[in-house]
Amino acid sequence: MSNSRPGSHIELHNNADKDYARQYSQDFVSRWDELIDWDKRSAGEGTFFTELLFSVGACSVLDVSTGSGFHAVQLRKAGFRVCANDGSQTMVDRAKINFARHKLNIPITCCDWLDLDPRKLGTFDAVLCLGSSLCHVFDEDERIAVLRRFHSLLRPSGVLVVDQRNFQAILEGNFRSSGRYYYCGTTARVTLGEVSESLCEFVYSFSDDETYRLRVAPIRPQQLRREISRAQFRGVKSFGDFKPMYDPMHSDFIIHVAHR
Ligand code: SAH
């Protein structure tokens with residue numbers, strides 16, 4: 001009966017988009033490392049994250065959306081004490097394979113952000129939420145609740161690092177995926193599907209014609225900065241493609257750094 005109510009179709013459609021774990025299907029996840037190309041991604045970001053973490057004296061790091069474990073591995077190798085997490089079991093399984101491949105013993109949990117519990121995990125010098133992950137949360141109040149949860153996982157004066165694709169540029173018709181940052185593989189192309197103020201669809205097309213879609217919330221950088229402040233963080237600083245001075249319309253990713 002409820003399907004015949006006006007608006008119910010929209011609700012169902014939104015609920016499917018909110019189910020982030022379902023969007024990361026087994027097949028898509030099995031190609032994640034091909035999509036990001038670890039060597040090129042590492043060259044693209046250089047020492048940005050390690051220098052940032054060293055500069056604030058961080059030793060322990062919680063990578064809350066580790067995906068296939070790229071940053072957890074880089075940072076463990078750089079000497080940080082790293083714990084990893086992701087809400088998708090498929091991603092967690094992939095990350096475990098990568099940790100073993102790199103002969104690293106990195107603890108990992110499979111937990112939705114709102115279920116991350118500082119009483120169980122402890123607190124950290126840094127919480128990282130990278131790879132344009134937060135845009136999987138469509139509702140603003142829920143995003144602020146998630147950011148508050150990250151806040152509770154930090155030690156006093158700990159640092160939050162959260163990035164997003166440049167949704168300002170995307171919403172203004174200036175989508176750029178230079179292939180130099182984050183998604184650096186040469187066998188996949190990233191294009192846009194449906195785009196509106198409330199939804200942004202990315203289409204990942206591989207050279208063998210396989211296509212995967214991610215549907216997320218297009219959070220503008222200014223909006224995310226406001227939300228980070230509303231979650232009680234201090235002194236939000238932003239970087240475009242890892243640079244403090246950047247062209248806001250010609251950057252692929254915007255990275256925000258804030259303190260507890
Ligand atoms: N950081 C990785 C993965 C980015 S993809 C990288 O840069 O390669 C986004 C990840 O966020 C996915 O693995 C997804 O499962 C995770 N994610 C999205 N919403 C989440 C939530 N509410 N709780 C936990 N993980 C979430």
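No experiment lies behind these values; they were computed from the predicted model shown.

Draft legend 1. Expanded view of helix 5 (residues 38-45). Those residues of helix 5 that fall on the buried side of the exposure criterion are Trp38, Arg41 and Glu45. Down the axis of helix 5, the smallest arc covering the buried residues is 65°, so these residues share one side. With respect to the buried face of helix 5, the exposed residues turned more than 90 degrees away are Asp39 and Ala43. Elements in contact with the buried residues of helix 5: helix 4 (32-36), helix 6 (48-55), helix 7 (70-77) and helix 8 (89-101). Note on helix 5: the residue one or two positions beyond its end, Gly46, has a positive phi of about 55°.

Draft legend 2. Structural detail: the packing of helix 10 (residues 140-152) against helix 12 (residues 221-230). Remark: helix 10 packs on helix 12, axes separated minimally by 9 Å, with the N-to-C direction vectors making an angle of 55°. Considering their axes alone, helix 10 and helix 12 lie oblique with respect to each other. By crossing handedness, the relation of helix 10 to helix 12 is classed as right-handed. Along the contact surface, helix 10 presents Glu140, Asp141, Arg143, Ile144, Leu147 and Arg148, while helix 12 presents Gln223, Leu224, Glu227, Ile228 and Arg230. Residues that form the contact of helix 10 with helix 12 fall into these classes: four nonpolar, one polar and six charged.

Draft legend 3. Representation of the nonpolar core in the model. Trp113, Leu147, Phe150, Leu160, Tyr204 and Ile228 are the most contacted members of the largest nonpolar core, which totals 78 residues. In this structure Leu147 touches Leu134, Leu160, Leu224, Glu227, Ile228, Ala231 and Phe233, once residues within four positions along its chain are discounted.

Draft legend 4. Here's a closer look at the packing of aromatic side chains. One pass over the full model with this rule turns up 15 aromatic pairs. Pairing Trp38 with Phe70 gives two aromatic rings, centres 5.3 Å apart and planes at 85°, and the pair type is edge-to-face. Of this pair, Trp38 sits in helix 5 while Phe70 sits in helix 7, and the two are 32 residues apart along the sequence. A relative accessible area of 3% means that Phe70 is categorised as buried. Seen in terms of ring centroids, Phe175 and Phe202 are 6.1 Å apart; in terms of plane orientation they differ by 45°. Their pairing is tilted. With Phe175 in the loop between helix 11 (167-171) and strand 6 (188-195) and Phe202 in strand 7 (residues 200-206), the pair connects residues that are 27 residues apart, well separated along the chain. Put simply, the rings of Tyr24, Phe28, Trp32, Tyr204, Phe206 and Tyr212 touch in pairs and so form one group of aromatic residues. The side chain of Arg31 reaches across the aromatic face of Phe206, ending 4.2 Å from its centre.

Draft legend 5. Just the environment of Ala72, in detail. Here Ala72 lies in helix 7. Placed 56 residues apart in sequence, Ala72 and Leu128 show a C-alpha to C-alpha distance of 9.6 Å. Once residues lying within four places of it in the same chain are set aside, the contact partners of Ala72 are Asp63, Thr66, Val82, Ala84, Phe99 and Ile106.

Draft legend 6. Summary view of the pairing of strand 2 (residues 81-86). Taking burial as the measure, the six residues of strand 2 include five buried ones, the bulk of the element. Bridging between strand 1 (residues 60-63) and strand 2 involves four bridges; their strand directions are parallel. Pairing of Ser60 across the sheet is with Arg81, part of strand 2. On the question of chirality, the crossover connecting strand 1 to the parallel strand 2 by way of helix 7 is right-handed. The sheet contact formed by strand 2 and strand 3 (residues 108-110) spans three bridges and is parallel. In the sheet register, Ala84 faces strand 3, and the bridge partner there is Ile108. Note that the unit made of strand 2, helix 8 and strand 3 has a crossover that is right-handed.

Draft legend 7. The packing of helix 5 against helix 7, seen in detail. With their axes 12 Å apart at the nearest point, helix 5 and helix 7 run at an angle of 65° to one another. The chirality of how helix 5 crosses helix 7 is right-handed. Across the interface between the two elements, Trp38, Arg41, Ser42 and Glu45 from helix 5 touch Phe70, His71, Val73 and Gln74 from helix 7. Taken together, the residues of the contact of helix 5 with helix 7 sort by class into three nonpolar, three polar and two charged.

Draft legend 8. Expanded view of helix 8. With 13 residues, helix 8 extends 18 Å between its outermost C-alpha atoms, agreeing within 8% with the 18 Å of an ideal straight helix rising 1.5 Å per residue. Every buried residue belonging to helix 8 is among Thr90, Met91, Val92, Ala95, Asn98 and Phe99, and all of these are buried. If you follow the buried residues of helix 8, they end up packed against helix 3 (26-30), helix 4, helix 5, helix 7, strand 2 and strand 3. Just beyond helix 8, the residue with positive phi is Lys103, at close to 55°.

Draft legend 9. Broad picture of the site of the ligand. Around the ligand, 18 residues are found, and the nearest of them are Arg41, Ser65, Asp86, Trp113 and Leu130. In the model, an oxygen atom of the ligand is placed 3.1 Å from a nitrogen or oxygen of the Trp32 side chain. Asp112 has a polar side-chain atom sitting 3.1 Å from a nitrogen atom of the ligand. Starting from 580 Å² of accessible surface for the ligand in isolation, the protein chains cover 98%. Here the residues of the shell around the ligand are counted per class, giving seven nonpolar, eight polar and three charged.

Parameters and conventions
- Residues numbered from 1 in each chain as written.
- Predicted model: local features only at pLDDT ≥ 70, side-chain atom pairs only at ≥ 80, totals over all residues.
- Heavy atoms only, no water.
- Buried < 20%, exposed > 50% of the residue type's maximum accessible area, 1.4 Å probe, protein only.
- Helix = DSSP H or I, 4+ residues; strand = E, 2+ residues; numbered from the N terminus.
- Arc of directions from axis to C-beta.
- Contact = heavy atoms within 4.5 Å.
- Axes fitted to C-alpha atoms, helices over the stretch in contact; angles between N-to-C directions.
- Parallel < 35°, antiparallel > 145°, perpendicular 65-115°, else oblique.
- Left-handed = near helix turned anticlockwise from the far one by under 90°.
- Nonpolar A, V, L, I, M, F, W, Y, C, P; charged D, E, K, R; others polar.
- Core = buried A, V, L, I, M, F, W, Y, C linked by side-chain atoms within 4.5 Å.
- Phe/Tyr/Trp six-rings, centres within 6.5 Å; stacked < 30°, edge-to-face > 60°.
- Lys NZ or Arg CZ within 6 Å of the ring centre and 35° of its normal.
- Pairing = 2+ DSSP bridges.
- Right-handed = clockwise from strand over helix to strand, strands pointing away.
- Expected span 1.5 Å × (residues − 1).
- Near = heavy atom within 4 Å.
- Polar contact = N/O pair within 3.5 Å; in protein donor to acceptor, adjacent residues only side chain to side chain.
- Areas by Shrake-Rupley, 256 points an atom, 1.4 Å probe, with all protein chains shown as cover.

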